[in-house]
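# Coordinate analysis (summary)
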Amino acid sequence: MRLTKTPDSGESIGIPEARAAVSLMGINDLQFGFSVGTGSDVLPTDGFTGPDKAGARVTPMLRMLKCALRSAVAVLFGSLFAACRLPKTVHGRVIDYETHEPIAGVPVFAYQSGWGIDGGQLIWDKSFPTRAVTGPTGDFVLHYRVGSSARLGIDLPGYNQFRAFSGPWKRVDIRLKRLLPPHDRLPGGEARFGLREDGRLYGWSFDRKAIASSCADADVIPAHVDRETRGQVLLTACGSGGLRYIPAETLGVRDQFLVYADSAPADGYTNQLLLDFSGRGGIVFVRTRDGSHYAKFAFTPFAFGGFMDPGVVRDVSFTYVYDPGGGRYLPYDMQPYTS
């Protein structure tokens, strides 16, 4: 936003500033004039009139408006930026998931974004990345200002990409998992479970990649779906299938569950599984209804999807992979970003 001068009055203010001040002051019937062809929007003093239909000049009011504007903008933006951009810190440690050994020299980023100036203009999504590097023991201290939570990111060659949020002044233990040997990418998508308005329940068929309303077609179907957004869902395995749940506490990670469990267990499957959305979640292995194929989906109670189909009361969806060849090896990689 640019302040400009006019030959008539010697000074003017930008149209966006005037509109902002008018809104702040609760004045809705002021008229605005602006110059055309000068490359900038300006508010000349002789083009500014109040509600007087005769168009009487109100230059003193303009001056008062400008003073109020400058004060209001300074206080408003000063307060917002001061509150949002106080120095914040995240402490953490980076280790290898399999060996539990610290990894030194790892760049850890906080990918923050917010209001800022870019090219002379105020934008809402300016990037403010900050970086720290792990020491010999894998520890790091990352400082940032923009935003409340830090959006952490690590892209280390040979390891899965890492992305997670952390609140300020928290300690984060990051367990990086090595990339698997080259493999064919398994088919996957979003497994859906839900309740319709007429009371019918539906589940998911992994081989058909589609919702199904009975065990004639589904591999997993709900026995009960709570109507509340974060209410419990009771799943039932169809046919010769089964369900095996491994919680986040056992995996030793907070998210990206699909990355950290590669192979479906050979046994330990149950006919039913209660999804409790008050917990931390984990990984769910599925033996399909024919008893000879396997899938896995990430149960993420803090970040799950849903589809708004007509006639549906509640729908929840979770990312999955499935091996149509019948193997229990279910790899899932998140390749690191390399520029």
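This one's a predicted model, so the numbers in the text were calculated from it and none came from an experiment. All chains use their own residue numbering, which begins from 1 and follows the written sequence. This being a predicted model, a pLDDT of at least 70 is required before a residue's local features are given, and a value of 80 or more before pairs of side-chain atoms are given or counted; all residues contribute to the totals for chains, interfaces and linings. The basis for every side-chain value is the complete set of non-hydrogen atoms in the structure, without hydrogens or water.

### Details of the nonpolar core
Across soluble globular proteins, nonpolar side chains show a tendency to be buried alongside one another. Core analysis: the biggest nonpolar cluster contains 23 residues, and Phe193, Phe206 and Phe297 have the highest contact counts within it. Secondary structure elements follow DSSP: runs of H or I of four or more residues count as helices, runs of E of two or more count as strands, with numbering from the N terminus. The set of elements that each furnish at least two residues to this core consists of β8 (188-196), β11 (220-225), β12 (233-237), β14 (272-275), β15 (282-287), β16 (294-299) and β17 (312-323). For this core, the leading source of residues is β17, giving four residues. In this analysis, two residues are considered to be in contact whenever any of their non-hydrogen atoms come within 4.5 Å of each other. Contacts of Phe193, omitting those with residues within four sequence positions, involve Tyr202, Gly203, Trp204, Val220, Pro222, Leu235, Phe297, Arg314, Asp315, Val316 and Phe318. Among the buried residues, those of types Ala, Val, Leu, Ile, Met, Phe, Trp, Tyr and Cys that are joined through side-chain atoms within 4.5 Å form a nonpolar core. Categorising residues by exposure relies on relative accessible area from a 1.4 Å probe, with only protein chains included: less than 20% of the type maximum marks a residue as buried, more than 50% marks it as exposed, and the intermediate range marks it as partly exposed.

### Some details on the pattern of salt bridges
Should a side-chain nitrogen of Lys or Arg be within 4 Å of a carboxyl oxygen of Asp or Glu, the pair is scored as a salt bridge. All chains considered together, the criterion is met by 12 salt bridges. A salt bridge links Arg178 to Asp96; the nearest nitrogen and oxygen atoms lie 3.3 Å apart. Residue Arg178 is located in the loop between β7 (171-176) and β8, and its partner Asp96 is located in strand β1 (residues 88-96); the two are separated by 82 residues in the primary sequence. Here Asp96 falls in the buried class, since its relative accessible area comes to 3%. One salt bridge in this structure joins Glu249 and Arg280, with 4.0 Å as the shortest N-O distance. Taken together, the positions of Glu249 in helix α3 (residues 248-251) and Arg280 in the loop between β14 and β15 put the pair 31 residues apart, joining distant regions of the chain. Owing to a relative accessible area of 49%, Glu249 belongs among the partly exposed residues under this scheme. Connected through salt bridges with shared partners, the residues Glu98, Lys177 and Asp262 form a single ionic network.

### What to know about a nonpolar patch on the surface
A contiguous nonpolar surface patch, about 490 Å² in accessible area, is contributed by Trp115, Ile117, Leu122 and Trp124. Looking at the nonpolar patch, the elements with two or more residues in it are β2 (107-118) and β3 (121-133). By the element assignment, Leu122 lies in strand β3. Residues qualify for a patch when their relative accessible area is over 30% and they have no salt bridge, like charges being joined within 9 Å and the nonpolar side chains of Val, Leu, Ile, Met, Phe, Trp and Tyr within 5 Å. Reported accessibility uses the Shrake-Rupley method at a 1.4 Å probe radius. Residues are deemed covered only where the shown protein chains occlude them.

### Quick look at the sheet that holds β1
Pairs of strands are assigned from DSSP output, requiring at least two bridges between the strands. The three strands lie next to each other as β4-β1-β7, forming an open sheet whose pairing is mixed. Unpaired on one side and paired on the other, β4 (139-144) and β7 mark the two borders of the sheet. The sheet shows a mean angle of 30° between the axes of neighbouring strands, direction not considered. As paired elements, β1 and β7 share six bridges and run parallel to each other. By the bridge assignment, Asp96 is partnered in β7 with Leu176. Interaxial angles span 0 to 180 degrees and are taken between N-to-C directions of axes, which are lines fitted to C-alpha atoms, for helices over the stretch in contact.

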